Amino acid sequence: MKLRLLTLGICATLLIAACSNDDDGTVKPPPPVAECGAPTPLKLEVPPGYPQMPVPAGNPTTVQGVELGRLLFYDPILSGDSTQACASCHIQNLAFSDSRRFSEGITGAKGNRHAPAIVNPAYTGDTFWDGRVHSLEEQATKPVPNQDEMNLPWPVAIERLENSPTYPDKFCAAFGDSKITMDRVTKAIAQFERTFISFNSKYDRVRRGVDSYTAMEAGGARLFNNERGDCFHCHQAPLFTTSTFHNTGLDSVVVDRGRYDVTGNPADLGKFKAPSLRNCADRFVFEHDSRFSLREAVEHYNNFHDGLDVDPLIRVRRSRAPMTEAEIDSIVEFLGALSDPDFITNPNLATPYAP
Amino acid sequence: MSSIRVLLTALCLCVLVALGCSDDPATPPGEDTTWTADVLFGFTVNGTPLALNLMDYSTPAGTKYSVKTLRFVISDLRLHSDDGKSVLLKSVHYYDVSDLATQTIHVTKLPHANYVSVSFRWGLSTANNARDSHPEIPLIMVWPTELGADLGYHYMQLEGNYEKDPVTHETGGYTTHTGPLHLNGDPVYDFSFPVSASFTPAHVHEGGHGELDINIDLNGWYTDHSPGDPVDTQYDFKTLGDQMIMGNIDAQTKLQTNGPGCFSATLTALGGHDH
């Protein structure tokens, strides 16, 4: 009997030692037992022929996580005076952008860049106009404590959520226990944002062979996709962005240094991220500082400020005949075909709160 | 007897589990018969190391220029040994001079041999170049549908500024973009091409590490490497630099003809055991 006990003891010791990954031989504690059960994985559906949607391993999308993220996205609880939510500046029928040139924070302060649209954000690498953050999760950490935006320190935000009658159970369902942290708040918001999928515009239907362009749209599509219009290099289908940074000659002297403030590389002065053009016709203002209407934004490529800092892709246009008014009209018409009515009216992306 | 059998069985089980749980089943030191390598890319202009954004270079046609952007795709990257065999290093590789993550190819378990050259295809062959066929290549490299329905990807995007007028120093942009072409009614023009670069035979010892440096002299794209040949392939920015060359068969042909003259390579052994 003693021998059997000794044998079992040796085996147990060896088993633990064999499977431990720790250099010091300490045994890792077992994972905590979930209080609320595991959340239900949610597969984000993308039509065939479109890029596979990247989802970070550390934040798999779940039904409960998306539900929680939606509540948070639309809840003013995350602003200092409980008057503003993410959705205050990212409005669904504007492709989750803002109609105002610069959004106002709770104190009335205005930023100096436009609240960008959120369309197919799962494919976005570096976010913000200058790409200073590298994931949706990281992006969501920024507006809440920003004094010019929602102006609520994260510890206070967490305390509010902990004291809410709703949220502890929602975090429990989404993450397996009711602990509330900034990390979990932003993960949930990012999960919700990954469901902002827009692949049912006229462009998509034409691509699938179930619709056709008007003659003007077809002409615009050709210009968009050849070197004459040359939109495709920075706004490549099917996402209509390449998520790359460009100085498009907006100013003769750089006003906003853009990407330079992130990299410190003088070659990045005045560069901003090429935004997705999906649903652009549902928006009112364009460029990082909202200086243009949609048509003006297209016209700009006839009238940019030239200089050594300007992207060669733009500069080469100087030697070519400008686009005609009719060509600009047709490109704008084609851009209208990138609107996805289902996206801006999708009830699953709308506020979960009663009006 | 029964107790001893239990003890032995349990010990065997533990040994098996211990082996099964090991994170690193590597061959014991000194017995590794393979080697590892890093493939690196270097750039020169007329033999001078490339510095981005400086208007310091001149084409053979005498036009000053700078380089701001360099992205390219290569495929079927192989090392060749003196016994006629080759080993695949990578099927498709995308490089961006502004993205560190794309700038080194790390290869493991290379067989021991005496290596003499490297080869690859510049770009992607038509059979290997279809839209969405290589999701690791970013969207900015996608070839536009209007120049060949869903042909796939650019081979190269080399961009910068050039001096249009040496008196006024007026500058403009150039975009040397290469890729396949399929214009209405025409066959598919495959402008990708094979590259082979020999180097001083190198032998990386077992368990060792080597560095394969592939150099691209960017002026080579604009240089007629066979000036005696009746076909002039000199590429002049003043006529082609800022023009729409992606759909220009003549420009693409010049670049395809000049391109193979851009490449050289070295393989350097950095350590290991010699048995």
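Colleague: How do you make sense of the overall build of chain A when you look at a structure like this?
Modeller: Scanning chain A from N- to C-terminus turns up 14 helices and two strands. Dimensions of chain A, computed from the C-alpha atoms along their principal axes, are close to 95 × 45 × 45 Å. Out of the 355 residues belonging to chain A, those deemed buried represent 50%. Counting contacts in chain A only where the partners sit at least 6 residues apart, residues at least 24 apart contribute 65% of the total. Accessible surface computed for chain A: about 16,300 Å², of which carbon and sulfur atoms make up 56%. Computed over 35 positive and 45 negative side-chain charges, the separation of the two mean positions in chain A equals 4 Å.

Colleague: Would you explain the overall build of chain B in this entry?
Modeller: A count of helices and strands for chain B gives three helices and 13 strands. Each of the 275 residues in chain B was classed as buried or not, and the buried ones make up 47%. Here the contacts in chain B between residues at least 6 apart in sequence split such that 71% fall between residues at least 24 apart. Accessible surface, chain B as shown: approximately 12,500 Å² in total, 55% of it carbon and sulfur.

Colleague: Is there a simple way to think about helix 9 (residues 215-224) of chain A in this case?
Modeller: One full turn of an α-helix is made of 3.6 residues, so residues set three or four places apart face in the same direction. Regarding helix 9 of chain A, the residues found buried are A:Glu217, A:Gly219, A:Gly220, A:Ala221, A:Leu223 and A:Phe224. The inward-facing, buried residues of helix 9 of chain A contact helix 8 (202-207) and helix 13 (325-336) of chain A.

Colleague: Which parts of the structure should I look at to understand the state of the cysteines?
Modeller: Structurally, a disulfide amounts to a covalent bond that connects the sulfur atoms of two cysteines. All names here are of chain A. Under the criterion given, the structure shown has one disulfide over all chains. Here cysteine 36 connects covalently by a disulfide to cysteine 172, the sulfurs 1.4 Å from one another. Placement of cysteine 36 in the loop between helix 1 (2-19) and helix 2 (63-73) and of cysteine 172 in helix 6 (residues 167-175) is noted, with a sequence separation of 136 residues between them. Taking the relative accessible area as the measure of exposure, cysteine 36 reaches 33% and is therefore partly exposed. Owing to a relative accessible area of 8%, cysteine 172 belongs among the buried residues under this scheme. Lacking any disulfide linkage, cysteine 234 is separated from the closest cysteine sulfur, that of cysteine 231, by 9.2 Å. You can call cysteine 234 buried: its relative accessible area is 12%.

Colleague: Which parts of the structure should I look at to understand the pattern of salt bridges?
Modeller: Oppositely charged side chains may form a pair once their charged atoms are brought near each other. Residues and elements named next belong to chain A. Enumeration over the complete set of coordinates arrives at 26 salt bridges over all chains. A salt bridge links arginine 278 to aspartate 204, with the shortest nitrogen-to-oxygen separation between them at 2.8 Å. Here arginine 278, found in the loop between strand 2 (272-273) and helix 11 (294-299), pairs with aspartate 204, found in helix 8; they are 74 residues apart in sequence, far enough to count as distant. Residue classification places arginine 278 among the buried positions, given a relative accessible area of 0%. Residue class for aspartate 204 comes out buried when judged on its relative accessible area of 0%. The shortest N-O distance in the salt bridge between arginine 228 and glutamate 327 comes to 2.7 Å.

Colleague: Any chance you could explain the packing of aromatic side chains here in plain terms?
Modeller: Note on aromatic pairs: each is described by the distance of the centres and the angle between the planes. According to the stated counting rule, one finds 39 aromatic pairs over all chains in the structure shown. Measuring from centroid to centroid gives 6.0 Å for A:Phe73 and A:Phe96, while their planes differ by 75°, and the two rings are edge-to-face. Of this pair, A:Phe73 sits in helix 2 while A:Phe96 sits in the loop between helix 3 (86-89) and helix 4 (136-140), and the two are 23 residues apart along the sequence. An angle of 85° between the planes, with centres 5.4 Å apart, marks the rings of B:Phe120 and B:Phe263 as edge-to-face.

Colleague: Sorry, what's going on with the confidence of the model for chain B here?
Modeller: Should pLDDT be low for a region, the predicted coordinates there are not to be read in detail. Residue and element names in this part refer to chain B. Considering every residue of chain B, the mean pLDDT works out to 87; 86% of them sit at 70 or more. Scored below 50 in pLDDT, residues 12-28 shows nine contacts in the model against residues more than four places distant or in partner chains. With pTM at 0.86, the complex prediction returns an ipTM value of 0.84.

Rules of the game
- Residues numbered from 1 in each chain as written.
- Chains lettered and ligands numbered in written order.
- Predicted model: local features only at pLDDT ≥ 70, side-chain atom pairs only at ≥ 80, totals over all residues.
- Heavy atoms only, no water.
- Helix = DSSP H or I, 4+ residues; strand = E, 2+ residues; numbered from the N terminus.
- Buried < 20%, exposed > 50% of the residue type's maximum accessible area, 1.4 Å probe, protein only.
- Contact = heavy atoms within 4.5 Å.
- Areas by Shrake-Rupley, 256 points an atom, 1.4 Å probe, with all protein chains shown as cover.
- Lys, Arg positive; Asp, Glu negative; His and termini not counted.
- Charge placed at Lys NZ, Arg CZ, Asp CG, Glu CD.
- Disulfide = S-S within 2.5 Å.
- Salt bridge = Lys/Arg side-chain N within 4 Å of Asp/Glu carboxyl O.
- Phe/Tyr/Trp six-rings, centres within 6.5 Å; stacked < 30°, edge-to-face > 60°.
- pLDDT = per-residue confidence, 0-100.

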